[in-house]
Amino acid sequence: MRITFFIAFVLSLLCSNPIWADVVNFKHFSINIPNTWSYSEEGDMVSVAAKDNSSILVFSPDKLPQGQNLKEFAAAFSKTYNGTTPSANGAGTFQFEYKNDVGAEAHVIISQADPKMDSIFLLVIVGEKHPELPYILNSVTMTD
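All figures in this text were calculated on a predicted structure; none of them were measured in a lab.

Counting its secondary structure elements, the protein chain contains 3 helices and 10 strands. Taken from N to C terminus, the helices and strands of the protein chain fall in the order α-β-β-β-β-β-α-β-β-β-β-α-β. Counting all 144 residues of the protein chain, 35% fall into the buried class. Nonlocal contacts in the protein chain, meaning residues at least 24 apart in sequence, comprise 38% of its contacts between residues at least 6 apart.

Here we come to the sheet that holds strand E7 (residues 93-99). Taken together, the 7 strands give an open sheet; going across it, the order is E3-E4-E5-E9-E8-E7-E6, and neighbouring strands pair in antiparallel fashion. Where the open sheet ends on each side, the last strands, each with one partner, are strand E3 (37-42) and strand E6 (87-88). Relative to strand E5 (residues 56-63), strand E4 (residues 45-50) is paired through 4 bridges, and the arrangement is antiparallel. When the bridges of E5 are listed, Ala49 appears paired with Ile56. Packed onto the sheet, helix H2 (residues 70-80) meets E7, strand E8 (105-111) and strand E9 (119-126) and runs at close to 5° relative to E7.

Bringing the pattern of salt bridges into the picture now. Considering all chains together, one arrives at 2 salt bridges under this definition. One salt bridge in this structure joins Asp44 and Lys27, with 4.0 Å as the shortest N-O distance. On the criterion of sequence distance, the pair formed by Asp44 in the loop between E3 and E4 and Lys27 in the loop between strand E1 (21-25) and strand E2 (29-34) is long-range, its members being 17 residues apart. With relative accessibility at 31%, the residue Asp44 sits in the partly exposed group. Accessibility expressed as a relative area gives 60% for Lys27, which makes it exposed. A salt bridge links Lys99 to Glu105, with the nearest nitrogen and oxygen atoms 3.7 Å apart. Residue classification places Lys99 among the exposed positions, given a relative accessible area of 52%.

Moving on to the nonpolar core. Ile31, Trp37, Val48, Leu57 and Phe59 are the most contacted members of the largest nonpolar core, which totals 17 residues. Elements that contribute at least two residues to this core include exactly E2, E4, E5, E9 and helix H3 (133-139). Filtering out sequence-adjacent residues up to four positions away, Ile31 remains in contact with Asp22, Val23, Val24, Phe26, Val48, Phe59, Ile136, Ser139 and Val140. Membership of the second largest hydrophobic core comes to 16 residues, among which are Val58, Leu70, Tyr98 and Ala106.

Reading the values: rules and limits
Residues numbered from 1 in each chain as written. Predicted model: local features only at pLDDT ≥ 70, side-chain atom pairs only at ≥ 80, totals over all residues. Heavy atoms only, no water. Helix = DSSP H or I, 4+ residues; strand = E, 2+ residues; numbered from the N terminus. Buried < 20%, exposed > 50% of the residue type's maximum accessible area, 1.4 Å probe, protein only. Contact = heavy atoms within 4.5 Å. Pairing = 2+ DSSP bridges. Axes fitted to C-alpha atoms, helices over the stretch in contact; angles between N-to-C directions. Salt bridge = Lys/Arg side-chain N within 4 Å of Asp/Glu carboxyl O. Core = buried A, V, L, I, M, F, W, Y, C linked by side-chain atoms within 4.5 Å.

Below is the structure:
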């Protein structure tokens, strides 16, 4: 009985969160990145990709274009990529879907923590079924 419990416990730990991950600090945020993922930076934009190419996350802190609110920005962004109509969750976040240039389904989240400021955070997810995605997304910590 103890052996069965121990094996079940170890398997649950192995399947729940990546065991080896590094906290990587960027200019505006930090992320826990498992050793089975890689990352690259281009300016303020950070791409985090599974090494098997099954999933990619693109994080981009940005500013709203002058004169646009978040809803207008989300609609324009979605239209540019022939995406679905952005839906709002009431907490300063819009989401929509589109297919990227290689035909992969992408999920976009655009968030604005404070509507009085023009700072926004854009997140594009490709390959939403990857088991380590929730761990990575839950580890994002804003530093600004």
